[in-house]
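# Remarks on the overall topology
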Amino acid sequence: MTQSVLRWPDPEQVLAQASRWASELQACRPSLQAVGVFGSYGRGTAGVGSDLDLVLIDATAAGPQNQRLRHWPLDQLPLSCDALVLTPAEFDQLMASGSRMAQELQRDLRWLSLSSDISSDTAPAGTPPLSRAPDTRSGAPG
């Protein structure tokens, strides 16, 4: 066989690496209050070709999204990533808006990491408690 075979990372590996990434960032950036995953990884339906959808709650976020994203090493994640960087107030406002995005977050969002001063009881409003993202193995409920 002369062709190389590419292998897509297991969803469990992606989530574990994303959780480590989030914890490492929180250790050096106190303004990062929470990191969550949503979309196919939040629902537990990720497969070959799925990207990683993240929401980062940063108390000091300012400026347009494209500028906010420059401050985060998304290239250190194991695959392509779409991310939203929001302040806690912006996140609460989004969740209260009833928009399609808010509905998707209500349904899919799972916290990967919360700062030590935020418990799952005081997480940004309208979101599920801190939990391990659903099991993404084939045939597993999620």
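Residues numbered from 1 in each chain as written. Predicted model: local features only at pLDDT ≥ 70, side-chain atom pairs only at ≥ 80, totals over all residues. Heavy atoms only, no water.

## A closer look at the sheet that holds strand S3 (residues 81–86)
In space, the 4 strands of this open sheet follow the order S3-S2-S1-S4, with mixed pairing throughout. Two strands bound the open sheet, and with one partner strand each, they are S3 and strand S4 (110–114). Averaged over neighbouring strand pairs, the angle between their axes works out to 20 degrees when direction is ignored. With 4 bridges connecting them, strand S1 (residues 32–38) and S4 associate as antiparallel partners. Across the sheet, the residue bridging to valine 35 is serine 113, located in S4. Across the sheet, helix H1 (residues 11–28) is in contact with S1, strand S2 (52–58) and S4; its angle to S1 comes to roughly 165 degrees. Packing of helix H5 (residues 100–108) onto the sheet brings it into contact with S1, S3 and S4, and relative to S1 it is tilted by some 90 degrees. (Pairing = 2+ DSSP bridges. Helix = DSSP H or I, 4+ residues; strand = E, 2+ residues; numbered from the N terminus. Axes fitted to C-alpha atoms, helices over the stretch in contact; angles between N-to-C directions. Contact = heavy atoms within 4.5 Å.)

## Quick look at the pattern of salt bridges
Within this structure, the stated rule accounts for 3 salt bridges. For arginine 68, the salt bridge is made with glutamate 90, and the minimal N-O distance between the two is 2.7 Å. One end of the pair, arginine 68, is in helix H3 (residues 65–69); the other, glutamate 90, is in helix H4 (residues 88–96), and 22 residues separate them in sequence. Put simply, aspartate 108 and arginine 107 hold a salt bridge, and the shortest N to O gap is 2.8 Å. What emerges from the salt-bridge pattern is a single network uniting Arg43, Arg107 and Asp108. (Salt bridge = Lys/Arg side-chain N within 4 Å of Asp/Glu carboxyl O.)

## Quick notes on the confidence of the model for the protein chain
Across the protein chain, pLDDT averages 83, with 77% of residues at or above 70. Element-level pLDDT for the protein chain is lowest in S4, with a mean of 92, against a maximum mean of 97 in S2. Within the model, the stretch residues 126–142 combines pLDDT values under 50 with 41 contacts to residues more than four positions away or in other chains. (pLDDT = per-residue confidence, 0-100.)

## A look at the packing of aromatic side chains
Tallied over the full model, the rule gives 1 aromatic pair. Centroid distance phenylalanine 91 to tryptophan 111: 5.8 Å. Interplanar angle 55 degrees. Geometry classified as tilted. On the criterion of sequence distance, the pair formed by phenylalanine 91 in helix H4 and tryptophan 111 in strand S4 is long-range, its members being 20 residues apart. Of the two residues, phenylalanine 91 and tryptophan 111, neither departs from the other in class, the shared state being buried. One cation-aromatic arrangement involves arginine 29 over tryptophan 72; the distance from NZ or CZ to the ring centre is 4.3 Å. (Phe/Tyr/Trp six-rings, centres within 6.5 Å; stacked < 30°, edge-to-face > 60°. Buried < 20%, exposed > 50% of the residue type's maximum accessible area, 1.4 Å probe, protein only. Lys NZ or Arg CZ within 6 Å of the ring centre and 35° of its normal.)

## Topic: H5
Those residues of H5 that fall on the buried side of the exposure criterion are Ala102, Leu105 and Asp108. The buried residues of H5 all sit within an arc of 150 degrees when viewed along its axis, so they share a single face. For H5, the exposed residues set more than 90 degrees away from the buried face come down to Arg100, Gln103 and Arg107. (Arc of directions from axis to C-beta.)

## Some remarks on the nonpolar core
Counting 23 residues, the largest nonpolar core has Trp21, Val35, Tyr41, Leu52, Leu54, Leu56 and Leu77 as the members making the most contacts within it. The set of elements that each furnish at least two residues to this core consists of H1, S1, S2 and S3. With 6 residues, H1 is the single largest residue contributor to this core. When residues no more than four places from it in sequence are discounted, the contact partners of valine 35 are Trp21, Ala22, Leu54, Val55, Leu56, Trp111, Leu112 and Ser113. Core analysis: the second largest hydrophobic core is formed by 11 residues, Phe38, Ile57, Leu105 and Leu109 among them. (Core = buried A, V, L, I, M, F, W, Y, C linked by side-chain atoms within 4.5 Å.)

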